[in-house]
Amino acid sequence: MITKFLSDSEQDIEVAAQILKNGGLVAFPTETVYGLGGNALEASASQAIYAAKGRPSDNPLIVHIADTASVYELATEVPETAKTLMEAFWPGPLTIILPKADIVPKETTGGLDTVAIRFPSHPAAMELIRRSGVYIAAPSANTSGRPSPTTAEHVKEDMDGRIDAIIDGGAVGIGIESTIVDLTSDIPTILRPGFITKKNLEDIIGEVRIDPAIIHPDPSLRPKAPGMKYTHYAPVGELTVVEKTDIAVPTDARFKDEDSAAVADMINDLYNKKKEEGSKVLILAPEEHCHFYNSKDTIAVGSIDSGITVAARLYAALRECDERGAEFIYSESFKDCEIGGAIMNRLLKAAGQRIIHV
């Protein structure tokens, strides 16, 4: 298969729309990450997405729409909570899970009787959905388990020759996948954290809980949402997260500096041991802490004062580790950043939950 490389012009989006109408696959930008899209209502298109990604077929796909009215065609029940969240956060980085209508094939939902729906805010994504006239099932446009793509070049690395076309819309804004909320039970439940936080949701609809599988993944369970069961976002090298143990400490900046130094000391010890063994080692740290480490082997991942810059840079940093041939990677924790919960969810999945507490 020869992959077409398209711009986000109206003419090229029309070309991509025709590919989707004909049952093909197109990678396209969203405000979160690049998605790999096919016709959500065609079982064969969803099967082709799984094949292109090498993705387990029980891992549900998210259906992307371009207007809220589409929800009523895709779902059998739309509770008031869903309507409230749609009004507050759509278009945007929120996915809701509802009971699926019969028109949605189980090949799209990973065999479940529920459907995950999202209305993206990226102009190219919205235009592609509208011009194609189809609902687009779209996981991230990477081979399964790899860091999600935040540029068209990342998509090319994984998908060139596997899919029909890639729309280049530049670097994405947010950099981590949408928040997923299950609305099929009495209490809305977060199945994947994202840019929209638990507090953001509770400010709108009241009580929201977090699925325990986010913190303690259970490989024996069928995933209700993307990213719940399998290792995701992982670089080739062995990634380990190092963070300060949670204890009650004063908030004085002097103590924060001491915490940072303690983490840096541990990372430097681990780094030096692996270097002495002849291994290729890299370090991930916020830009404010890069001075703690060997500069040529340290990759800056945003700013500790702006979680959105960390999210936007994280996957690119993990891919850079692969490009530089890292065998071992040590990363600082970003749990105290804005949207730190979502960032750490991705980072710990990439590390296979490998973490050292100082």
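Structural notes, computed from the coordinates. A quick note: this is a predicted structure, and the numbers were derived from the prediction, not measured.

Calculation criteria
Residues numbered from 1 in each chain as written. Predicted model: local features only at pLDDT ≥ 70, side-chain atom pairs only at ≥ 80, totals over all residues. Heavy atoms only, no water. Core = buried A, V, L, I, M, F, W, Y, C linked by side-chain atoms within 4.5 Å. Buried < 20%, exposed > 50% of the residue type's maximum accessible area, 1.4 Å probe, protein only. Helix = DSSP H or I, 4+ residues; strand = E, 2+ residues; numbered from the N terminus. Contact = heavy atoms within 4.5 Å. 1 Å grid on protein atoms, 1.4 Å probe; cavity = no way out; pocket = protein on both sides within 12 Å on 5 of 7 lines; lining within 4 Å. Points joined across faces, edges and corners; volume = space filled by probe spheres on them. Nonpolar A, V, L, I, M, F, W, Y, C, P; charged D, E, K, R; others polar. Salt bridge = Lys/Arg side-chain N within 4 Å of Asp/Glu carboxyl O.

Bringing the nonpolar core into the picture now. Within the largest apolar cluster, 44 residues are counted, with the highest numbers of intra-cluster contacts made by Ile 65, Trp 90, Leu 94, Ile 96, Leu 98, Ile 117 and Leu 201. Mapped onto this core, the elements with two or more residues apiece are strand S3 (34-39), helix H2 (43-53), helix H3 (71-74), helix H4 (80-89), strand S5 (94-99), strand S6 (114-118) and helix H7 (152-159). Here this core gets four residues from one element, more than from any other, and that element is H4. In this structure, Leu 201 is in contact with Leu 85, Phe 89, Leu 94, Thr 179, Val 181, Ile 190, Ile 196, Gly 206 and Val 208, ignoring residues within four places of it in sequence. The next biggest cluster of nonpolar side chains, apart from the first, holds 29 residues, and it includes Tyr 233, Leu 318, Ala 326 and Ala 350.

In this section: the layout of surface pockets. Roughly 420 Å³ of volume is contained in the second largest pocket. Lining the second largest pocket are 21 residues, and of these Pro 193, Ile 214, Gly 341, Ala 342 and Asn 345 lie nearest its centre. When contributions to the lining of the second largest pocket are tallied by element, the ones reaching two or more residues are helix H9 (212-215) and helix H12 (340-350). Each residue belonging to the lining of the second largest pocket can be placed in one class, and the counts come to 11 nonpolar, six polar and four charged.

Taken as a whole and judged by the stated rule, the model has 21 salt bridges. In this structure, the salt-bridge partner of Arg 131 is Glu 10, at a minimum N-O distance of 3.4 Å. A residue pair is termed long-range when its members are at least 10 positions apart, and Arg 131 in helix H6 (residues 123-132) and Glu 10 in helix H1 (residues 10-21) qualify at 121 residues. The class of Arg 131 is partly exposed, set by a relative accessible area of 26%. Note that Asp 297 and Lys 296 form a salt bridge whose closest N and O atoms lie 3.4 Å from each other. On the accessibility criterion, Asp 297 (1% relative accessible area) is buried. Accessibility expressed as a relative area gives 53% for Lys 296, which makes it exposed. Three or more residues joined by partner-sharing salt bridges are found here, namely Arg 146, Glu 157, Asp 158, Arg 319 and Asp 322.

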